[in-house]
There are 2 protein chains.
Amino acid sequence: MKQIYFDAIAGTPIYPEVWREMEPFIKNEFGNPQSLHSFGEGPRAAIEKARERIAKLIGANKEEIYFTSSGSEANNFAIKGLAFAYQNKGKHIILSSIEHQSILNSAKFLEKLGFKFSYVPVDKYGIVDPDDVRKFINKETILVSVMLANSEIGTIQPIEEIARICHERDVLFHTDAVGGIGYLPIDVSKLGVDSMSLSATQMYGPKGVGALYLRKGTRIIPLIHGGIQEEGKRAGTENVAGIVGFGKAAELALEKMEDRNKKLIRLRDKIIAEFPQKVENVYLTGHPKKRLPYHSSFCVEYIEGEAMLLSLNMKGIAASSGSACTSRTLKASHVLLAMGYSHALAQGSIVFSFIEDNKEEEIDYLLEVFPPIIKRLREMSPLYNKQITKEDR
Amino acid sequence: MKQIYFDAIAGTPIYPEVWREMEPFIKNEFGNPQSLHSFGEGPRAAIEKARERIAKLIGANKEEIYFTSSGSEANNFAIKGLAFAYQNKGKHIILSSIEHQSILNSAKFLEKLGFKFSYVPVDKYGIVDPDDVRKFINKETILVSVMLANSEIGTIQPIEEIARICHERDVLFHTDAVGGIGYLPIDVSKLGVDSMSLSATQMYGPKGVGALYLRKGTRIIPLIHGGIQEEGKRAGTENVAGIVGFGKAAELALEKMEDRNKKLIRLRDKIIAEFPQKVENVYLTGHPKKRLPYHSSFCVEYIEGEAMLLSLNMKGIAASSGSACTSRTLKASHVLLAMGYSHALAQGSIVFSFIEDNKEEEIDYLLEVFPPIIKRLREMSPLYNKQITKEDR
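Because the structure is predicted, anything quoted here is derived from the model rather than measured. (Residues numbered from 1 in each chain as written. Chains lettered and ligands numbered in written order. Predicted model: local features only at pLDDT ≥ 70, side-chain atom pairs only at ≥ 80, totals over all residues. Heavy atoms only, no water.)

**Things to note about the relation of the copies chain A and chain B**
Superposition of the two copies of the chain requires a rotation about an axis and a shift along the axis. Mapping chain A onto chain B calls for a screw motion: a turn of 180° about the axis and a shift of 0.0 Å along it, with 0.0 Å RMSD after fitting. What the rotation and shift describe, once combined, is the action of a two-fold rotation axis. In terms of proximity to the rotation axis, the leading residue of chain A is A:Ser69, whose C-alpha is 3.1 Å off the axis. When the interface residues of chain A are mapped onto chain B, 100% of them are again interface residues, pointing to one common binding face. (Least-squares fit on C-alpha atoms with pLDDT ≥ 70 in both. Contact = heavy atoms within 4.5 Å.)

Structure below.
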């Protein structure tokens, strides 16, 4: 059976150019980058080259890039690290209600230590109104975090405006850019962010590596205390091969971004146009235009996401119902609930996110096999049989 | 020029069997282990196989192994995570004075949050007296951390006795086993530890992966909050290839341990016997027998470690003066100071730690080129010229 991969948000393939650059640092160059002898030189230089490439992708200086093991670690580092570093100024932090679990659960942890959180709502497209952020800022506010683009609904936020409002009030602004990095042109100076989380996983790089951009002069308390790595801000022997791969993926992303996006947008717009036409009671989630180039997401009424995923998998199609970080919890997405979807509808979430090798024919195949699956699942659904109407939405 | 590597504590080469098992997960198997479709199956199974192999190496159950990105992360996870989880019981924690920076700096962080720390002294060999631990335990004590073996001096601690004392008093016991894992036979039940940090870096595995053993039933607060990975205890997309490599390295360590150690001990004992004979005012640091099989460490009076390392490097020999995590700070080692060495002597620290490919001839070469280096450096040393005597020790 042919295998079709529509789950870029859970991770993309890795470019051969990327693993080829990683290979020497897996097999031969085993020196510790911190060593004072020549075995450390190659690894150390390779890390600095990667740092430069990633900085270039986002318009930063290389000294502003700190490597981590994932986007989740970068988010924990930013939220906790900035909270601890600036707590003497205040203990109030503002988050969008659709942040990633690594931000939301960091907040729950910090709440127990006396920090206060406010959650900015989103509209039906999942968009934060910058004016709402302004209203939530008070004298105690030290930090605002709104993600660049949500990987469950694809929606891109008005980051630049939100950052400007934060800075008018002397409040730090963090954005989780994991879903957008490598796809959206990002210039940290133009965006005006103080910190930003990145990951290689969704941009044709390796797993196990991420980074935090931290604007020069911004203080932070380490998440991983210890040695002198990453200027003393993130301890632990460096994942040299992973970092090298991330760097190469960043370089390639910059080269390929425009062409890759053109391809991906064609796939995205095809499914967005055709899928809801094929089956009744299917709704696009997130914004129709202000969304990630590789991302389409829908709610299929009367069915649970998991059942769809397993049925599609049996047809050789890989998709997801939301973030990989929550995929097995089988809870209704907090993102869709925040957008005003009912629990029932939120549970019918499905995300098709594309990699550059995907073909239009693969979407045609999906649109051929998926409607009968939906029909069959609906016939088994008590919800469907009760004929719950659209007013439930 | 031939290159000789005597710096196993900074990282070992990786076995070809290890990277060959990693390769498919770098190049092809890019699925997210949390995905509900078939692309996730291979990576998920591979992680569980690795977990089993690591559990087997230390006599644990696989459910007790949580992957991290490094030994430093595992130490942060344990110290902070257990402190937060058990703070209602008390806020006092006991550490040995020669713990790794990732433990000591986690302690400094926790001190600001109201935790109290006591530091158990060590004797001239760097050994903790279990009775001292007993004396330091009070009603508020929730946790004791003493490392299994110190990578700067090689000394192995009486972990079993310390763990027993802790449990008599209903106190948790953590050990940082990064230096010993893969070399010392470890059985967590026999040792009686509640948590233990591991890393692949020094045991012929890849960089960028570590693990925490956590005894079943022990509560912990995550260091990296977020998704459901690692049973919700450690978020972030898994470093699948790294984890696979760690697992294979663990399997091989178990197979090869005895033979490998025989070889390493021969090298270790050769240099310990011969080096102080070759040059005056050179002292073995750490215990002569109760030490890591691959580890020798010395203080060379009147010289700074860095100067020796750079000179040796010019002769093609890679060594270190202590932990890679502090190598570039050029401070006198806190470990040697805790053992009663003077600042001057502690700065003359040098560590030769062996990999299994090392040959006795390489030690002969070292013992040939090193004495003239020492002579030359001493001639340039103001300390030496002042003829500071051994009473300074």
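Still more ground to cover, so stick around.
**Focus on the interface of chain A and chain B**
By a frequent convention, interface size equals the accessible area lost on bringing the separate parts together. Residue-level contacts link 70 residues of chain A with 71 residues of chain B. The tally of links from chain A across to chain B stands at two salt bridges. Between A:Lys27 and B:Glu23 there is a salt bridge, and its shortest N-O distance comes to 3.1 Å. The tally of links from chain A across to chain B stands at 23 residue pairs in polar contact (both at pLDDT 80 or more). Every element with two or more residues in the side of chain A that touches chain B is listed here: strand S1 (4-5), helix H1 (16-27), helix H2 (41-58), helix H3 (71-85), helix H4 (101-111) and helix H9 (305-314) of chain A. For the side of chain A that touches chain B, the per-class residue count stands at 28 nonpolar, 30 polar and twelve charged. (Salt bridge = Lys/Arg side-chain N within 4 Å of Asp/Glu carboxyl O. Polar contact = N/O pair within 3.5 Å; in protein donor to acceptor, adjacent residues only side chain to side chain. Helix = DSSP H or I, 4+ residues; strand = E, 2+ residues; numbered from the N terminus. Nonpolar A, V, L, I, M, F, W, Y, C, P; charged D, E, K, R; others polar.)

**Details of the domain arrangement of chain A**
Residues and elements named next belong to chain A. According to the domain assignment, chain A consists of domain 1 (4-10 + 257-392) and domain 2 (16-253). On a C-alpha basis, the centres of domain 1 and domain 2 stand 28 Å from each other. Facing 33 residues of domain 1, the contacting portion of domain 2 comprises 32 residues. With both chains or domains summed, domain 1 and domain 2 bury close to 2,600 Å², and 59% of this area falls on carbon and sulfur atoms. One can count zero salt bridges joining domain 1 with domain 2. The interface formed by domain 1 and domain 2 includes 14 residue pairs in polar contact (both at pLDDT 80 or more). Those elements giving two or more residues to the side of domain 1 that touches domain 2 turn out to be helix H8 (240-278), strand S10 (295-300) and helix H10 (334-338). Its residues assigned to classes, the side of domain 1 that touches domain 2 comprises 18 nonpolar, eleven polar and four charged. (Domains from an automatic or database assignment. Buried area = accessible area lost by both parts, 1.4 Å probe.)

**Quick notes on the sheet that holds strand S10 (residues 295-300) of chain B**
Residues and elements named next belong to chain B. Overall, antiparallel pairing links the three strands, which are arranged S9-S10-S12 in an open sheet. Both edges of this open sheet fall to strand S9 (282-284) and strand S12 (349-353), since each of them pairs with a single strand only. Strand-to-strand twist of the sheet, defined as the mean angle between neighbouring strand axes without regard to direction, takes the value 30°. In this structure, S10 lies alongside S12, joined through five bridges in antiparallel fashion. (Pairing = 2+ DSSP bridges. Axes fitted to C-alpha atoms, helices over the stretch in contact; angles between N-to-C directions.)

**Some points on the sheet that holds S10(A)**
All names here are of chain A. Strand order in the open sheet formed by three strands is S9-S10-S12, with antiparallel pairing between adjacent strands. In the strand order of this sheet, the two ends are held by strand S9 (282-284) and strand S12 (349-353), each with one partner. Pairwise comparison of adjacent strand axes, ignoring direction, gives a mean angle of 30° for this sheet. As paired elements, S9 and S10 share three bridges and run antiparallel to each other. Pairing of Val282 across the sheet is with Val300, part of S10. Packing of H9 onto the sheet brings it into contact with S10 and S12, and relative to S12 it is tilted by some 45°. Against the sheet, helix H12 (residues 360-380) touches S9, S10 and S12, its axis set at about 170° to S12.

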